[in-house]
Amino acid sequence: MRDPMFRMALVLGLLSAVGPFAIDMYLPALPQVATDLGTTEAGAALTLTAYFIVFGFAQMIYGPMADALGRRRPLMIGVSIFLVAAIAASLAPTINWLIAARALQGLGAAALMAVPRAVIRDVATGPQAARVMATIMIVISVSPMLAPLTGSIVMAWGSWREIFAILAFAALISLTLIVMVLPETLPVARRQPVRFAAIASGAKRLLSDRRFMGLTMIGGFGMASFFVFLASASFVYTRQYGLSPTGFSVAFAINAIGFFSASQLAARLAEKFGMERVISLAITGFCGIMVALSLVVWSGFSALPIVIAGLFLGNACLGLVMPTAMVMSLDPHPDIAGLASSLGGTFQMLTGGLMIAVTSPFLNNTAETMVPAIALCSILAWSAAALSLPRLRF
């Protein structure tokens, strides 16, 4: 990869990592938030749900905006909103205030999900795009390893409020990167004014594209499995297994290592075996591992090392699925890459939020319920692959 391309991928990765950092850095603080603001564990989890739902819908705003105004201005708008929301969250006196601030934060962070994927489509396609995406995944994947640990360190000398102050500082850095480093990748001649008729036509085209929708839902249910884990892991690890916030951060980081390591192989494997074969094998592996882990846990073998090892292997398969599915879904739609990116991202985030809502009543802060909920997401992801790809290729 040429140096300018690598530099762009690095910048996009740093920008894309802000949203995950806003989720992962906050996870060790969920029990403390519930205590400080006088709410239940479910009430604290609503701060995540609000973030995900608004994050999902807002991508439908930034996609068409990016196609009309270019890529940089929507990014600057989104980061500015994120900055204001982070400050508001740090000052939250009640759980409802915090939920509202987190929703606003999701509104800003959505730009950092929808627009970078369109930037990638502007400059690369096929395996090269997968390689750029993999480079971005290097940066993004560091956040699940560092963010919870950073959050636990912050809580050691402060509280969850200081976490949001640090996120506000990260937003300032992101804004500087966009202004000073990131080039505009969409020429004026290729921009499309925001016309509702054109958006409706593009959306109809995408929604009727079985392959696009299938790949989107593969990524959506894959992401949903991670969201279910996010919503329950801090309570499972700290209460069932008695881990400290720092111990939870380390256990959480192990899962991220599996995802990160595998994502770096995605482009190389796609070039050698083909993208469709890679995603077929990876999604089948993810489903098989999570179903097997569920059976093991249900059989009474729910020791922490077993759970961590199984989740590590499952997330390794997911690391191959996510970047490959993103690239394959956007490749056939270069003329509406912004809309395709935002629509795909919206479906994926809403799928994640829906799965949290569906599984939450059955979760009781134990691995015996968390792992099967993740396995359900893996089965649905495999089903989406079986229905949308011509045939699962092995």
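Going by the annotation in an unreviewed UniProt entry, the name recorded for the protein chain is Bcr/CflA family efflux transporter, with Paracoccus broussonetiae subsp. drimophilus given as the source organism. The heading Sequence similarities (unreviewed entry) in the UniProt record of the protein chain holds the text "Belongs to the major facilitator superfamily. Bcr/CmlA family."

Chemist: I'd like to hear about the nonpolar core, residue by residue, with values.
Modeler: Taken as a class, soluble globular proteins show a tendency for nonpolar side chains to be buried jointly. In this structure, Phe52, Leu98, Tyr237 and Leu311 are the most contacted members of the largest nonpolar core, which totals 116 residues. Sort the elements by how many residues they give to this core and helix H10 (residues 210–240) lands first, with 15 residues. When neighbours within four sequence positions are excluded, Tyr237 is seen to be in contact with Phe229, Gly242, Leu243, Phe248, Ala251, Phe252, Asn255, Leu304, Val307, Ile308 and Leu311. With eight residues, the next largest nonpolar core counts Leu206, Met213, Ile336 and Leu339 among its residues.

Chemist: Which residues make up the environment of Thr359, and what are the values?
Modeler: Among the secondary structure elements, Thr359 is positioned in helix H15 (residues 337–359). Thr359 sits in the buried class, given a relative accessible area of 5%. Taking C-alpha positions, Thr359 is 13 Å from Ala233, a pair spaced 126 residues apart along the chain. Excluding its chain neighbours within four sequence positions, the residues that come into contact with Thr359 are Val228 and Ala373.

Chemist: A description of a nonpolar patch on the surface should follow, citing residues and the corresponding values.
Modeler: On the surface, a nonpolar cluster with roughly 390 Å² of combined accessible area is contributed by Leu149, Ile153, Trp157 and Ile166. Residue contributions to the nonpolar patch peak at three residues, all from helix H7 (residues 126–157). Exposure remark for Ile166: the relative accessible area of 32% places this residue in the partly exposed category.

Cut-offs and rules
Residues numbered from 1 in each chain as written. Predicted model: local features only at pLDDT ≥ 70, side-chain atom pairs only at ≥ 80, totals over all residues. Heavy atoms only, no water. UniProt positions renumbered as here; feature names shortened; annotations may be inferred. Core = buried A, V, L, I, M, F, W, Y, C linked by side-chain atoms within 4.5 Å. Buried < 20%, exposed > 50% of the residue type's maximum accessible area, 1.4 Å probe, protein only. Helix = DSSP H or I, 4+ residues; strand = E, 2+ residues; numbered from the N terminus. Contact = heavy atoms within 4.5 Å. Patch = residues over 30% accessible without salt bridge, like charges linked within 9 Å, V, L, I, M, F, W, Y side chains within 5 Å. Areas by Shrake-Rupley, 256 points an atom, 1.4 Å probe, with all protein chains shown as cover. Salt bridge = Lys/Arg side-chain N within 4 Å of Asp/Glu carboxyl O.

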